[in-house]
Amino acid sequence: MLVSVDKIISEAIDEVSADLRRLSLAIHSNPELALKETNACKLLTDYLDNAGYSVERGAGGLETAFVATFESPAGNDGLRIGFCSEYDALAGVGHGCGHNLIAISGIAMLVAVGRVMERCRIAGTVKLFGTPAEEALGGKITMLDQGVFEGMDLLMMMHPTAGYSGAWHSQCCLSMKVEYFGRASHAALAPWDGINAGSAATIAMNTLGVLREQLKPDWRTHGIISTGGQVANVIPQYAAIDYTVRTGWADELQVLRERVLRVFESAALATGCTHKVVEELAYLDNRDNPVLGQMFEDIMQAQYGGQPNRGEGGSTDFGNLSHKFISLHAMYDLDASGAPNHTVEFTEGAATEDAHRRTLFASKGMACIAAKCLTDSDFWEK
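Cut-offs and rules
- Residues numbered from 1 in each chain as written.
- Predicted model: local features only at pLDDT ≥ 70, side-chain atom pairs only at ≥ 80, totals over all residues.
- Heavy atoms only, no water.
- Core = buried A, V, L, I, M, F, W, Y, C linked by side-chain atoms within 4.5 Å.
- Buried < 20%, exposed > 50% of the residue type's maximum accessible area, 1.4 Å probe, protein only.
- Helix = DSSP H or I, 4+ residues; strand = E, 2+ residues; numbered from the N terminus.
- Contact = heavy atoms within 4.5 Å.
- Axes fitted to C-alpha atoms, helices over the stretch in contact; angles between N-to-C directions.
- Parallel < 35°, antiparallel > 145°, perpendicular 65-115°, else oblique.
- Left-handed = near helix turned anticlockwise from the far one by under 90°.
- Nonpolar A, V, L, I, M, F, W, Y, C, P; charged D, E, K, R; others polar.
- Salt bridge = Lys/Arg side-chain N within 4 Å of Asp/Glu carboxyl O.
- Pairing = 2+ DSSP bridges.
- Phe/Tyr/Trp six-rings, centres within 6.5 Å; stacked < 30°, edge-to-face > 60°.
- Lys NZ or Arg CZ within 6 Å of the ring centre and 35° of its normal.

Visitor: So what exactly am I meant to see when it comes to the nonpolar core here?
Guide: Note that soluble globular proteins tend to have their nonpolar side chains buried in a common cluster. Membership of the largest hydrophobic core comes to 63 residues, with the highest contact counts inside it found for Leu48, Phe83, Ile107, Phe296 and Met366. Among the elements that make up this core, the one with the highest residue count is helix H4 (residues 99-120) (twelve residues). Once you skip the residues sitting within four places of it in the chain, leucine 48 turns out to touch Tyr53, Val55, Phe66, Ala68, Ile107, Leu110 and Leu128. Core analysis: the second largest hydrophobic core is formed by 27 residues, Met176, Ile241, Val260 and Phe264 among them.

This is the structure in structure tokens:
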């Protein structure tokens, strides 16, 4: 009896639903920050190990990264398809971006596409990339630079938000830490002997506020003074700023970066401080494949109705992958509440049964897209 690919996918994901729910809740209840996702990584890799996948831990030199691999019994000379899981959390908010759900979506898609390869005797390889540090530090970028994704034909992942989209254009993003070094002195007895690092940070932030008037509509600059001094009667000898700049397109990021760096330098000159800037890895804009994205939107619209949410904004290190590979970073609706990402409300929603069901439905849709790439050469050639 012939069984449809869609049915194979649906049944495969339904079979592991209870396991995935337990993993999701365990990760949600123990949020871990970038590159410290020890518990989440162990939960995921132990599960994959026990399920019979080949698991490489410490991928790309990152302790909490991994790669799980399934090679088709029909041979590995077909398409090489990869999915990404994320599992880091946000300070103070926990899983306010639903990475506990992204973690299990990757497993669901791996299981489903592997089952299709097995049942339909289709040659190929499917991999799940466990990618830490998306919220900060850019784990995928390090893994990309280390060649972890080398040889892949297609990379896919999905992310909960408010609404759905197969055409999310994210912003380029560069975060940096700026430190000012001055000289301490008693603020009442001898303030003239001090060099005020706190003032340098204040001047920089005020100047950046003025600079915003001349920025393009889709450019963003935002940050905080993370250290401004210790007590009011001591001239601060040290101050620090955590700052982020964003642009719509990769070629504009360097332009904004240089303007902001000049502000930080001028604040040091104005106060007599020295300064140091440490930049994180730059996140590039996400570029979804339009054919894959349209298929995802058709699937979501048939299930939920409404129109895709084509809003722009936010950033992801998956964007760097989209510049190198055919890819899709699909967005699906968390729970129809409209709660924005990075909020307590979103964190609470990411633990609900409704969010779990929606995650598995979207995972089935993404697996169907990947399966169509495997089974329909005309579709893949598009």
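Visitor: Explanation requested: the packing of helix H1 (residues 5-15) against helix H11 (residues 353-375) in the structure shown.
Guide: The packing of two helices is summarised by the inter-axis angle and the distance between the axes. Running from N to C, H1 and H11 cross one another at 140°; their axes reach a closest spacing of 10 Å. Taken together, the axes of H1 and H11 are oblique relative to one another. The two elements H1 and H11 cross, and the hand of that crossing is right-handed. Two secondary-structure elements touch here, H1 through Val5, Asp6, Ile9, Ser10, Ile13 and Asp14 and H11 through Leu360, Ser363, Lys364, Ala367, Cys368 and Ala371. Grouping the amino acids of the contact of H1 with H11 by side-chain chemistry returns seven nonpolar, two polar and three charged.

Visitor: How should the packing of H1 against H4 be read in this particular structure?
Guide: Where H1 meets H4, the axes come as close as 8 Å, and the angle between the chain directions of the two elements is 135°. Our classification of the angle between H1 and H4 gives oblique. Of the two elements, H1 crosses H4, and the hand of that crossing is right-handed. Here Val5, Ile8, Ile9, Ala12, Ile13 and Glu15 of H1 come into contact with H4, specifically with Ala108, Val111, Ala112, Arg115, Val116, Arg119 and Cys120. Among the residues making up the contact of H1 with H4, the classes are represented as ten nonpolar, no polar and three charged.

Visitor: How should I be thinking about the pattern of salt bridges in this particular structure?
Guide: Charged atoms that come close allow side chains of opposite charge to pair. Throughout the structure, instances matching the rule amount to 17 salt bridges. The partner of lysine 140 in a salt bridge is aspartate 317, with the nearest N and O atoms 2.8 Å apart. A residue pair is termed long-range when its members are at least 10 positions apart, and lysine 140 in helix H5 (residues 139-145) and aspartate 317 in the loop between helix H8 (290-304) and helix H9 (318-322) qualify at 177 residues. Here the two residues lysine 140 and aspartate 317 agree in accessibility, since each one is buried. The partner of arginine 358 in a salt bridge is aspartate 354, and the shortest N-O contact between them spans 3.3 Å. Pair noted here: arginine 358 and aspartate 354 are both in helix H11, with a separation of four residues, about one helical turn. When salt bridges that share partners are traced, they join Lys42, Asp46, Asp49 and Arg57 into one network.

Visitor: Explanation requested: the pairing of strand E8 (residues 238-247) in the structure shown.
Guide: Look at any regular strand and the pattern is simple: side chains alternate between the two faces of the sheet. Burial analysis of E8 places eight of its ten residues in the buried class, the great majority of the element. The pairing of strand E6 (residues 172-181) with E8 spans ten bridges and is classified as antiparallel. Counted as the bridge partner of phenylalanine 181 is tyrosine 238 from E8. For strand E7 (residues 220-227) and E8, the ladder comprises seven bridges, and the chain directions are antiparallel. When the sheet's bridge partners are listed, isoleucine 225 is paired in E8 with isoleucine 241.

Visitor: I keep staring at the packing of aromatic side chains and nothing clicks. Help me out?
Guide: For any two aromatic rings, the description comes down to two numbers: the centre-to-centre distance and the angle of the planes. In total, this model carries six aromatic pairs according to the counting rule given. Measuring from centroid to centroid gives 4.6 Å for phenylalanine 129 and phenylalanine 149, while their planes differ by 50°, and the two rings are tilted. Placement of the pair is phenylalanine 129 in strand E4 (residues 124-130) and phenylalanine 149 in the loop between H5 and strand E5 (154-161), with a sequence separation of 20 residues. When sorted by exposure, phenylalanine 129 lands in the same class as phenylalanine 149, which is buried. The ring of phenylalanine 379 carries the charged tip of lysine 372 above its face, separated from the ring centre by 5.3 Å.

Visitor: Is there a simple way to explain the sheet that holds strand E3 (residues 79-85) in this structure?
Guide: Within a sheet, adjacent strands bond to each other through the backbone by hydrogen bonds, running parallel or antiparallel. As summarised here, the arrangement of the six strands in space is E1-E2-E4-E3-E5-E10, forming an open sheet in which the pairing is mixed. Strands with a single pairing partner mark the edges of an open sheet, and in this sheet they are strand E1 (54-57) and strand E10 (326-333). Neighbour to neighbour, the strand axes of the sheet diverge by 20° on average, direction disregarded. Running over the sheet, H4 touches strand E2 (66-71), E3, E4, E5 and E10 and is turned about 160° from E3. Along the sheet, H11 contacts E3, E5 and E10; its crossing angle with E5, the most-contacted strand, is approximately 160°.

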